[in-house]
Structure formats: C-alpha cells, structure tokens
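Descriptive structure summary
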Amino acid sequence: MFVPCGESGPDLSGCTLLLPAVSVGNVGQLAIDLIISTLNMSKIGYFYTDCLVPMVGNNPYATAEENSTELSINTEVYSLPSRKLVALQLRSIFIKHHRRPTENQHLLTHSAISSRVLDIQIVHIVPFGTGPGKYKSSSFCEKLLSWVKSSSFARVIVLSSSHSYQRNDLQLRSTPFRYLLTPCMQDSAQNEIQSLNWQEMEKTPCIPEMSDSDYCVRIPGGGITRTLYQESCSKEIPMAVLLKFVSEGDNIPDALGLVEYLNEWLQIIKPQSDDPTPSTLPWKIPSSWKLLFGSGLPPALF
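Now for a quick tour of the structure. (Residues numbered from 1 in each chain as written. Predicted model: local features only at pLDDT ≥ 70, side-chain atom pairs only at ≥ 80, totals over all residues. Heavy atoms only, no water.)

Here we take up the overall build of the protein. Looking only at helices and strands, one finds six helices and 14 strands in the protein. In the protein, 71% of the contacts between residues at least 6 apart in sequence involve partners at least 24 apart. Summed over its atoms, the accessible surface of the protein is roughly 16700 Å², and 53% of this surface lies on carbon and sulfur atoms. (Helix = DSSP H or I, 4+ residues; strand = E, 2+ residues; numbered from the N terminus. Contact = heavy atoms within 4.5 Å. Areas by Shrake-Rupley, 256 points an atom, 1.4 Å probe, with all protein chains shown as cover.)

With the rule as written, the count across this model stands at 11 aromatic pairs. Taking 4.0 Å as the distance between ring centres and 25° as the angle between the ring planes, the aromatic pair formed by Trp198 and Tyr261 counts as stacked. In this pair, Trp198 is assigned in the loop between α4 (183–195) and β12 (204–205) and Tyr261 in helix α6 (residues 252–266), connecting sequence segments 63 residues apart. Overall, the relative accessible area of 5% leaves Tyr261 in the buried class. Cluster of aromatic residues (ring-pair linked, three or more members): Phe2, Phe47, Phe94, Phe140, Trp147 and Phe153. (Phe/Tyr/Trp six-rings, centres within 6.5 Å; stacked < 30°, edge-to-face > 60°. Buried < 20%, exposed > 50% of the residue type's maximum accessible area, 1.4 Å probe, protein only.)

With that settled, the discussion passes to unusual backbone geometry. In this structure, Asn40 is a non-glycine residue whose phi angle is positive, near 50°. Examined against the element boundaries, Asn40 turns out to sit in the loop between α1 (27–39) and β3 (42–47). Phi is positive for Asn197, close to 60°, though the residue is something other than glycine. Checked against the element boundaries, Asn197 lands in the loop between α4 and β12.

Before going further, it helps to spend a moment on a nonpolar patch on the surface. A cluster of nonpolar side chains, namely Leu297, Leu301 and Phe302, defines an oily patch on the protein surface of about 430 Å² accessible area. For Leu297, a relative accessible area of 63% puts it in the exposed group. (Patch = residues over 30% accessible without salt bridge, like charges linked within 9 Å, V, L, I, M, F, W, Y side chains within 5 Å. Salt bridge = Lys/Arg side-chain N within 4 Å of Asp/Glu carboxyl O.)

As for its position among the elements, Lys84 is in the loop between β6 (75–80) and β7 (85–90). Considered as a pair, Lys84 and Cys15 are 69 residues apart in the sequence and their alpha carbons are 4.6 Å apart. A distance of 3.1 Å separates a polar side-chain atom of Lys84 from the backbone oxygen of Ser13. (Polar contact = N/O pair within 3.5 Å; in protein donor to acceptor, adjacent residues only side chain to side chain.)

Here we come to the layout of surface pockets. Computed from the structure, the largest pocket encloses a volume of approximately 350 Å³. Lining the largest pocket we find 22 residues, and of these Leu30, Asp33, Arg91, Ser288 and Leu292 sit closest to its centre. Among the elements of the structure, α1, β4 (56–58) and β7 are those that each provide at least two residues to the lining of the largest pocket. Each residue belonging to the lining of the largest pocket can be placed in one class, and the counts come to eight nonpolar, 11 polar and three charged. (1 Å grid on protein atoms, 1.4 Å probe; cavity = no way out; pocket = protein on both sides within 12 Å on 5 of 7 lines; lining within 4 Å. Points joined across faces, edges and corners; volume = space filled by probe spheres on them. Nonpolar A, V, L, I, M, F, W, Y, C, P; charged D, E, K, R; others polar.)

Our next topic: the state of the cysteines. Considering all chains together, one arrives at zero disulfides under this definition. This cysteine, Cys233, is not joined by any disulfide, and Cys184 carries the nearest cysteine sulfur, 8.5 Å off. What makes Cys233 partly exposed here is its relative accessible area of 27%. (Disulfide = S-S within 2.5 Å.)

What follows concerns the nonpolar core. Among the nonpolar cores identified, the biggest contains 39 residues, and Ile35, Met41, Ile157, Leu159, Leu242, Leu262 and Trp265 are the most heavily contacted of them. Breaking this core down by element, the ones donating at least two residues are α1, β6, β7, β10 (155–163), β11 (177–181), α4, β14 (239–246) and α6. Sort the elements by how many residues they give to this core and α1 lands first, with eight residues. Each residue touching Met41, except ones within four places of it in the same chain, is listed here: Ile35, Ile36, Tyr78, Ser79, Leu80, Leu85, Val86 and Ala87. (Core = buried A, V, L, I, M, F, W, Y, C linked by side-chain atoms within 4.5 Å.)

With that settled, the discussion passes to helix α5 (residues 225–234). Inspection of α5 places Thr225, Leu228, Tyr229 and Ser232 among the buried residues, and these make up the whole buried set. Down the axis of α5, the buried set is contained in an arc of 95°. They therefore lie on one face. Those residues of α5 hidden inside the fold are in contact with β2 (16–20), α2 (137–151), β10, β11 and β14. Where α5 ends, the next residue or the one after it, Glu236, has phi of about 60°, a positive value. (Arc of directions from axis to C-beta.)

Turning next to the side chain of Glu76. Assignment of secondary structure puts Glu76 in strand β6. Of the residues examined, Glu76 reaches a relative accessible area of 3% and is grouped as buried. Within polar-contact distance, the side chain of Glu76 engages the side chain of Lys43 at 3.0 Å. Engagement of the side chain of Glu76 in a polar contact is seen with the side chain of Arg91, the distance being 2.8 Å. When neighbours within four sequence positions are excluded, Glu76 is seen to be in contact with Lys43, Gly45, Tyr46, Leu71, Ala87, Leu88, Gln89 and Arg91.

Laid out in structure tokens, this is it:
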C-alpha cells in the first residue's frame with residue numbers, strides 16, 4: 001500500500017503519525033495542510049490503493065515557480081525526521097463497491113422504483129454499479145492500520161470533525177473540542193491530556209430515538225473516524241482522536257482552531273512572543289488555499 005519516493009523505505013519506527021478523516025467541512029484535511037506547510041515537511045511516499053477516487057494536481061505547498069509544477073495525488077505521506085513526525089494527507093473520497101446485477105436485473109437494479117401516476121407506469125432506471133452499497137472505507141482503514149503496525153509508529157493522532165447541529169445540551173454548553181483515546185493510548189497519555197483540562201467525547205444513545213438504547217461513541221459527519229478508533233481499540237494501537245464540532249462553510253477558522261488544539265499537546269510550534277494566544281502562532285497558509293473557493297469573479301461581469 002505504501003510506496004516510498006526513494007529506492008528504500010524510510011524508518012518510521014517511533015514516529016507520531018498525524019492523519020485526517022474526510023469529515024464535515026474537511027477540517028481535518030485543512031489542519032494537516034497547515035501542519036505540512038508550516039513545518040515544511042518533505043514528501044516521502046504515497047499510498048497505492050483502489051479505495052479512493054484517483055486524482056492528480058499541482059503541488060499544494062508550492063513556495064516558488066520552480067516547485068509549483070510538481071504533481072500530487074490522492075494520498076501522500078510527509079515527514080519531519082528531526083521531530084519524529086509523519087503526516088498522511090487524504091485528498092479524495094472513497095469509492096463505492098460495485099454490485100453485480102442479477103439475471104433478472106438486466107435493465108433495472110435493486111434500487112429501481114416503480115409507481116403509477118395517472119394510470120401510466122413510471123419506472124426509475126438506475127445504471128449498473130449505482131444505488132445502495134458500501135464504500136471501500138472499511139478496506140482502507142484495515143490496510144492503513146496494517147501499515148501503522150508494520151511501520152511501528154509510536155502513536156497515531158486523527159484530526160476530525162463532527163456536525164455541530166447534532167450536539168446534545170451538554171455539548172452545546174461547553175467547548176466545541178473533544179478527544180478520544182484508545183486503551184493503549186490512555187496508558188501513556190492520559191495524565192498529560194488531563195493536565196490540559198480537555199473534555200473527552202461523551203457517549204450518547206446508539207439509537208437517539210430510543211430512550212432505552214445502549215450508549216456508544218457517535219461521531220456524526222466524522223467519516224472514518226469511528227471506524228479507525230474502534231479498530232485501533234481492538235488491535236491495541238495507541239491512537240488519539242481530536243475533533244471539533246463544526247458546520248459546513250468557510251472552515252479555515254475551524255482548521256486553525258483544531259491545529260492550535262493539537263499544538264497545546266504536541267507543541268509543534270512555539271509562540272513568537274510571550275503571549276501564547278492563537279494569533280501569535282505562525283501557522284503558514286498553503287499556497288493552494290488561494291483558490292479554496294475558486295477563482296475570483298471575472299471583471300467582465302461588471
């Protein structure tokens with residue numbers, strides 16, 4: 001799955017792996033962008049996988065015309081050896097599993113819908129390979145965690161987000177940030193996390209509409225976050241999940257808030273003055289963010 005840029009694979013043992021979940025507002029991905037750009041991390045490899053939609057683009061962290069033409073793809077890995085930091089960036093969405101049509105579904109699939117309107121039979125035709133089906137996210141998580149174990153990472157930190165409109169009353173009255181630790185991670189990081197006065201993600205009813213439902217960790221809009229967390233618990237992988245409750249829109253402030261939340265713990269960068277407020281932290285905005293909302297309006301319109 002992992003393909004190194006050089007002839008030999010890098011030694012990643014003992015490193016901290018930072019990775020995003022493709023979640024609401026793309027906050028985790030934007031946060032990873034900020035970290036890679038600020039620390040000027042070097043690309044060390046990429047993932048060769050059939051789980052993600054293929055894509056290719058220019059260098060998102062270009063600093064000059066000379067390196068702006070370097071290509072980037074859907075899943076790339078960056079490193080800062082001096083800090084034992086590795087960052088995985090996801091730039092694409094998961095592919096759906098295609099289901100083969102049965103013998104009686106030559107033209108209509110399982111999701112075909114028929115109805116009668118004014119005595120006329122109306123049939124909705126769905127192309128093969130569409131309709132209900134599972135995404136390849138589970139397969140990706142399995143391969144990713146297998147790589148994590150084989151590479152002997154010291155710990156994994158997932159940056160994610162969740163729908164703000166699905167918060168309960170307690171969550172509405174408190175900070176928008178939450179964390180989760182796997183049992184393996186609690187042994188090494190629990191005291192440090194508690195000293196930061198962070199708030200752990202609350203367990204809520206698995207089925208919100210049922211009052212007698214069991215309680216579990218729910219992360220609406222969190223993409224693969226819950227799957228990664230649960231699989232890491234069962235595979236005894238030291239993992240922390242840091243997330244923020246957000247809404248879709250301009251999520252740059254949310255990404256800045258999430259990396260500052262992470263920075264409280266890892267101290268990735270130091271404040272430029274004695275005042276440790278977010279405005280004094282020198283986060284470097286990637287050059288690709290200039291077109292985050294598309295190009296400007298053409299003057300000919302006015």
